[in-house]
Number of protein chains: 2
Amino acid sequence: MGEVVKMTEAVSVSDATLRSFMGYHVKRAMSVLQADLNATLKPFGLRMVTYSALVMIVDNPGMRQTQLADALAIERPNLVVILDQLEERGLISRDKVPTDRRAYALNPTEQGRALCAEATDANRADEDRLLAGLSKEQRAAVIAAMNLIEQGGEA
Amino acid sequence: MGEVVKMTEAVSVSDATLRSFMGYHVKRAMSVLQADLNATLKPFGLRMVTYSALVMIVDNPGMRQTQLADALAIERPNLVVILDQLEERGLISRDKVPTDRRAYALNPTEQGRALCAEATDANRADEDRLLAGLSKEQRAAVIAAMNLIEQGGEA
DNA sequence: TATTGTTATACTCTATAACTATA
DNA sequence: TATAGTTATAGAGTATAACAATA
């Protein structure tokens, strides 16, 4: 350990270098978005992942677990626990596929559809509040930029 | 704009509902940005967090651990391990503060400053590549939007 | 042999309580 | 009492190998 060099008091901290990096800002924004989203979803007994999985199953009834894992960009083993939770709560069912006895067809229950619709409305309202300072065009521009970044990673 | 995420067989999966949510896109973009950034930092023996901490210390020599934790929005206990790594590699030092014997002043070493500059250059080049499809104005607009989201979370 | 869903496991990241030594 | 740094720990999130049943 060193000797005495410097001291800081009630001083402002400069993030001059980091501020010019996109990753820095996206990480911080993501942190807020995720916390906000999870708080909104909590009354429904859902988290960001479980909600995303439920939405996908409602939008694509009959899909298989491997498809869902690919679509959500998560690993198959990690999806199992998520689906267990949704199934235990009676929001989805794993139905046997007659043409392939290894696979399950994922389907939403009536309750699952209803909860999904409510959660989606709550979510929409929450994001509208959070993004109130942005015009529809600005919002679309940000989403386009995010998509571009996502594509760039594959190249 | 396509709604198709992936083709596992002859079947397309629709993410129509999720596509309209900002959180969905920011999460996916963040995943790419972080993977990309960490790959760029690997040759320097740094990760995203250790790099961020190093940059902050270089930009704000003498700052204390509590200040740094606040600035990076991470918990104090988690910062300890990060600083341990930077200190073991001789990139920073924890120097005693004469006016407060509880605290340490964080300072970069010469080696730390040098590595920080190299890593920052590599980072800049990497982000320029990833964001090549965006004009400077578009980039600034995205960063402004991210800042707005970050502020909104506090309200 | 390859694939579907599963189990077990491990590694990172993050969050909280409580300790020590100072203030 | 309160604060700075630390320790221990627990919870998410994420990644890989390997297994049983089936293709």
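For the structure itself, look to the data block above.
Rules used throughout
- Residues numbered from 1 in each chain as written.
- Chains lettered and ligands numbered in written order.
- Predicted model: local features only at pLDDT ≥ 70, side-chain atom pairs only at ≥ 80, totals over all residues.
- Heavy atoms only, no water.
- Least-squares fit on C-alpha atoms with pLDDT ≥ 70 in both.
- Pairing = 2+ DSSP bridges.
- Helix = DSSP H or I, 4+ residues; strand = E, 2+ residues; numbered from the N terminus.
- Near = heavy atom within 4 Å.
- Polar contact = N/O pair within 3.5 Å; in protein donor to acceptor, adjacent residues only side chain to side chain.

Asks: I'd like to hear about the relation of the copies chain A and chain B, residue by residue, with values.
Replies: Mapping chain A onto chain B calls for a rotation angle of 180 degrees and an axial translation of 0.1 Å; the resulting RMSD is 0.2 Å. Such a turn and shift between the copies fits a two-fold axis. If distances are taken from each C-alpha of chain A to the rotation axis, the shortest is found for Val142(A), at 2.8 Å.

Asks: Please provide a residue-by-residue account of the pairing of strand E1 (residues 92-97) of chain A, values included.
Replies: Residues and elements named next belong to chain A. Examined bridge by bridge, E1 and strand E2 (residues 100-108) share 6 bridges and lie antiparallel to one another. If you follow Lys96 over to E2, its bridge partner there is Tyr104. The hairpin turn running from E1 into E2, its antiparallel successor, is 2 residues long.

Asks: Quick rundown of the protein's contact with DNA strand D? Include the residues and the values.
Replies: Every one of the 19 residues lining DNA strand D counts as a neighbour, but Arg47(A), Asn78(A), Arg101(A), Gln65(B) and Arg102(B) are closest to it. Of all atoms in DNA strand D that approach within 4 Å of the protein, 58% are sugar or phosphate atoms. Within the backbone of Thr66(B), one N or O atom sits 2.8 Å away from a phosphate oxygen of DNA strand D. One of the backbone N or O atoms of Tyr104(B) is found 3.2 Å from a phosphate oxygen in DNA strand D. Going through the elements one at a time, helix H4 (76-88) and E2 of chain A together with helix H3 (65-72), helix H4 (76-88) and strand E4 (100-108) of chain B are the ones with two or more residues in the surface near DNA strand D.

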